[in-house]
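One-letter residues, chain by chain:
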Amino acid sequence: STRPSRLIVTAQTPENLLYRGKRFAMHTTPLEDYFDLGGVRPHFEVTRTTLWRGYIGDWEVVDDHLYLARLKGELEDGSQASLATLFPEFPDRVFAHWYNGTLRMPRGRRLKYVHQGFNSTFEQDLLIGVERGVIVLTRTRDNGLTESASAPAGAQGGGITTRAEQSNPDQARE
């Protein structure tokens, strides 16, 4: 694997996603799949423990297609990384055709803090299923609620439930 060989033991800075006109913190790193499939990983400078991957991607969903719109990071030679660093022929945005998986955007109050990667639990997760860069399913997962508004982070009750949502408000999908 071409992922950094460090064991990630610090909560990580999320990616950004623009979806249906709203900005979300995304606890998924689709660009890592590109690198795993053989895309050349630049030598990113790791400037803080909360960003072991060395970059932050700004993603957007347009017409049910996932795009990488911006890339921010510093390279080991001191220059700034951008989308053109990885995709010189697509400097404005690139369709994430390589990505198959689920995008996770936490919502609500943090229920449990885990000092590792994206492992903290929040009241809800917006989950977006993606196949070859195309949105195929959107659902919300309820992870439970704290027992009271004054309960400390980590107090959790209830089970996990999910609700399917339409990926495109104009068109229902199964």
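All of the points below concern the structure found in this document. Just so we're clear, the structure is a prediction, and the values are computed from it rather than from any experiment.

## A look at the pairing of strand E4 (residues 65-74)
Thinking step 1. Across eight bridges, the pairing between strand E3 (residues 55-62) and E4 is antiparallel. Residue pairing for E4: Asp-58 is matched across the bridge by Arg-70.
Thinking step 2. Here two bridges tie E4 to strand E5 (residues 80-81), and the two strands are oriented antiparallel to one another. Each bridged residue has a counterpart across the sheet, and for Glu-74 the counterpart in E5 is Gln-80.
Thinking step 3. Two successive antiparallel strands, E4 and E5, enclose a turn made up of five residues, where Gly-78 displays a positive phi of approximately 95°.

## Let's talk about the environment of Leu-126
Thinking step 1. Tracing the backbone through its elements, the reader meets Leu-126 in strand E8 (residues 121-131).
Thinking step 2. In this structure the C-alpha to C-alpha distance between Leu-126 and Arg-141, which are 15 residues apart in sequence, comes to 6.5 Å.

## Regarding the packing of aromatic side chains
Thinking step 1. In the structure shown here, the tally under the stated rule is eight aromatic pairs.
Thinking step 2. Relative to Trp-98, the ring of Trp-59 has its centre 6.4 Å away and its plane inclined at 65°; by these criteria the two rings are edge-to-face. In this pair, Trp-59 sits in strand E3 while Trp-98 sits in the loop between strand E6 (94-95) and strand E7 (101-112), placing the two residues 39 residues apart along the sequence. Each of the two residues, Trp-59 as well as Trp-98, counts as buried.
Thinking step 3. The interplanar angle of 10° and the centroid separation of 5.8 Å between the aromatic rings of Phe-87 and Trp-98 together place this pair among those described as stacked. Taken as a pair, Phe-87 in the loop between helix H2 (83-86) and E6 and Trp-98 in the loop between E6 and E7 lie far apart in primary sequence, eleven residues in all.
Thinking step 4. Judged by its relative accessible area of 7%, Trp-98 is buried.
Thinking step 5. A network of ring pairs unites the aromatic residues Tyr-34, Phe-35, Phe-44, Tyr-55, Trp-59, Phe-87 and Trp-98 as a single cluster.

## Details of the pattern of salt bridges
Thinking step 1. With the rule as written, the count across this model stands at seven salt bridges.
Thinking step 2. Notably, a salt bridge pairs Arg-141 with Asp-125, separated by 2.7 Å at the nearest N-O pair. Of this pair, Arg-141 sits in strand E9 (residues 134-142) while Asp-125 sits in strand E8, placing them 16 residues apart in sequence.
Thinking step 3. Among the ionic contacts, a cluster of salt bridges with common partners joins Asp-58, Arg-70 and Lys-72.

Rules of the game
Residues numbered from 1 in each chain as written. Predicted model: local features only at pLDDT ≥ 70, side-chain atom pairs only at ≥ 80, totals over all residues. Heavy atoms only, no water. Pairing = 2+ DSSP bridges. Helix = DSSP H or I, 4+ residues; strand = E, 2+ residues; numbered from the N terminus. Phe/Tyr/Trp six-rings, centres within 6.5 Å; stacked < 30°, edge-to-face > 60°. Buried < 20%, exposed > 50% of the residue type's maximum accessible area, 1.4 Å probe, protein only. Salt bridge = Lys/Arg side-chain N within 4 Å of Asp/Glu carboxyl O.

Don't take any of this as a statement about function, it's just geometry.
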